[in-house]
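Tertiary structure, described
Okay, here's what each chain looks like letter by letter:
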Amino acid sequence: LPGGRRLDNDADRAEVEAEWGTLPDAPGRDLHAVLADAAKGKIDVLHLIGVDLARDCDAPALAAKALKKVGTVVAQDLALTETVAEHADVILPATGTQERHGSYTNWEGRTQRFSKAVDGHALVLDDWEIVQQVAALLGHDLGFNDLEGLRREMARLGARTQPHPWPEVEADAEAGDEEDAEGLRVVGVPLLIDEGTMLTDAVHLKATGRDPWVGLNATDAEGLGIADGALVEVAGPKGSIRLLARVGTDVVPGAVFVPTNSTQTPLAALGDDAGVARVTVSAVADAEVGA
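These notes cover the structure that comes with them. Just so it is clear, the model here is predicted, and its values are computed rather than measured. (Residues numbered from 1 in each chain as written. Predicted model: local features only at pLDDT ≥ 70, side-chain atom pairs only at ≥ 80, totals over all residues. Heavy atoms only, no water.)

Things to note about helix α6 (residues 127-137)
Keep this limit in mind: Type-normalised accessible area, obtained with a 1.4 Å probe on protein chains alone, sets the label of each residue: buried when under 20%, exposed when over 50%, and partly exposed for intermediate values. Put simply, DSSP H or I for four residues or longer makes a helix, DSSP E for two residues or longer makes a strand, and each gets a number counted from the N terminus. Residues count as neighbours in contact if any of their non-hydrogen atoms are within 4.5 Å of one another.
Every buried residue of α6 is accounted for by W128, I130, Q132 and A135. Those residues of α6 that are buried are in contact with β2 (72-77), β3 (90-93) and α7 (147-156). G139, located one to two residues past α6, shows a positive phi value of around 90°.

Quick notes on the pattern of salt bridges
Opposite charge on two side chains allows them to pair when their charged atoms are near. Using the following cut-off: The salt bridge criterion pairs a side-chain nitrogen of Lys or Arg with a carboxyl oxygen of Asp or Glu, the two atoms within 4 Å.
Scanning the model with the defined rule gives 14 salt bridges in all. Across the pair D25 and R13 runs a salt bridge whose closest N-O atoms are separated by 3.2 Å. Of this pair, D25 sits in the loop between α1 (10-20) and α2 (31-39) while R13 sits in helix α1, and the two are twelve residues apart along the sequence. Overall, R13 belongs to the buried group, its relative accessible area being 15%. For E233, the salt bridge goes to R242, with nearest N and O atoms at 3.2 Å. Since its relative accessible area comes to 23%, E233 is described here as partly exposed. Note on R242: relative accessible area 36%, which makes it partly exposed. Members of the salt-bridge network, linked through shared partners, are R13, E17 and D25.

Examining the nonpolar core
For clarity, the threshold we go by: By nonpolar core is meant a set of buried Ala, Val, Leu, Ile, Met, Phe, Trp, Tyr and Cys residues that side-chain atoms within 4.5 Å join together.
By size, the foremost hydrophobic cluster in this structure holds 18 residues, and its most contacted members are V214, L216, I226, V234, V256, V279 and V281. Among the elements that line this core, the one with the most residues is strand β9 (residues 239-248), at three residues. Ignoring any residue separated from it by four or fewer positions in sequence, one finds I226 in contact with L216, A221, V232, A245, V247, V281, S282 and A283. Formed by 15 residues, the second largest nonpolar core is a distinct cluster that contains A38, I43, A59 and L62.

Here's the deal with the sheet that holds strand β1 (residues 45-49)
Quick reminder of the rule: The rule for pairing is simple: two strands pair if DSSP sees at least two bridges between them. Only the contacting stretch of a helix is used when fitting its axis, a line to C-alpha atoms as for every element, and angles between N-to-C directions run 0 to 180 degrees.
In spatial order, the strands read β1-β2-β3; together these three strands make up an open sheet with parallel pairing. Each edge of the open sheet is held by one strand with a lone partner, namely β1 and β3. Averaged over all pairs of adjacent strands, the angle between strand axes in this sheet comes to 15°, irrespective of strand direction. Sheet analysis places β1 next to β2, joined by five bridges and oriented parallel. Bridge pairing links L46 to V73 in β2.

Quick notes on the pairing of strand β4 (residues 102-105)
In the sheet, β4 pairs with strand β5 (residues 111-114) via four bridges, with the strands oriented antiparallel. Paired with Y104 across the strands is Q112, a residue of β5. Count of turn residues in the β4/β5 antiparallel hairpin: five residues, of which G109 carries a positive phi of about 85°.

What about the sheet that holds strand β7 (residues 213-217)?
One closed barrel accounts for six strands, arranged β6-β10-β7-β9-β8-β11; its pairing is mixed. Here the strands of the sheet are splayed against their neighbours by 45° on average, with no regard to which way each runs. Examined bridge by bridge, strand β6 (residues 184-189) and strand β10 (residues 255-259) share five bridges and lie parallel to one another. Counterpart to V186 in the pairing with β10 is V256.

Remarks on the packing of aromatic side chains
For clarity, the cut-off: Pairing of aromatic rings covers Phe, Tyr and Trp, the last counted by its six-membered ring, and requires centre-to-centre distances within 6.5 Å; plane angles under 30 degrees mean stacked, over 60 mean edge-to-face, and any other angle means tilted.
On inspection of all chains with the given rule, the structure shows three aromatic pairs. Here the aromatic rings of W128 and F144 are separated by 6.2 Å at their centres, their planes lie at 55°, and the arrangement is tilted. Pair noted here: W128 is in helix α6 and F144 is in the loop between α6 and α7, with a separation of 16 residues, a long-range link. Residue W128 is classed as buried on the basis of its relative accessible area of 17%. The buried category is assigned to F144, whose relative accessible area is 8%.

Some points on the environment of K206
Residue placement: K206 occurs in helix α9 (residues 203-206). In sequence terms K206 and L192 are 14 residues apart; their C-alpha atoms lie 9.9 Å from each other.

Here's the deal with the side chain of N261
Looking at the element boundaries, N261 is found in the loop between β10 and β11 (278-283). The buried category is assigned to N261, whose relative accessible area is 6%.

Examining helix α4 (residues 60-69)
Because an α-helix packs 3.6 residues into every turn, residues spaced three or four apart end up facing the same way. The following threshold applies: As used here, the arc is the angular range of directions from the helix axis to the C-beta atoms.
Of the positions making up α4, those classed as buried are P60, L62, A63, A66 and L67. Viewed end-on, α4 has its buried residues packed into an arc of 150°, placing them on one side of the element. Residues of α4 that are buried make contact with α2, β1, α3 (53-56), β2 and α5 (82-87).

So this is what it looks like as structure tokens:
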């Protein structure tokens, strides 16, 4: 729920219901569950807001099945992504950052507002305006009609005043199986400057970014015969990518760091419908490097 509140916490639930009315008893589906149901024909419409499933989804194979199966794909976006170009039945054009009033929130939770610099093209609307109008067509009143009304609600439902206690973590019943599993567990993280949609054609900005790498613990690297700076191949069930290795102690043993979206083939494309949880990492032979 908004502001870090939990659906199963009575006090949290009461705060949100005071603004929104009665909430469902059960939590909603996550992205993987939505795509799985869509691929099975249980969902008729997918409304995607700034999401390029073909590139950014953790399980692109499952996303492709879902996009083909659903009756209607509504894309609310400002870029001609692969998902929009290949699958969208309805396109709702949204304004860009410079064409709207908004705010940024940094990693520390600090929020700073910004103002519109230029007018957007004809027919484009802010994301909140599109959502409000779609809700109205479906017979729902979101309770605000302008940006200031939305901001007032955001202020009322801002961050929870007290943090929740740390959850009790149960012992992993499959811990023994993890030790016998093949390959290394993937730690996928997007780099600040990568191949993301919003950096399309940003040639000069991309030139300032770091070269992507694969991070290995020194213990794992030694066992695999991989030296620091060597070219390695990261392979999953559906494909592989090649990057230089960075060996050290920043990654725990048994895991491998791989940037999610810094190569022509994104990390997610290496997996199947379940995504990619484990990969094998091997050194590329000198003959192949020369070739």
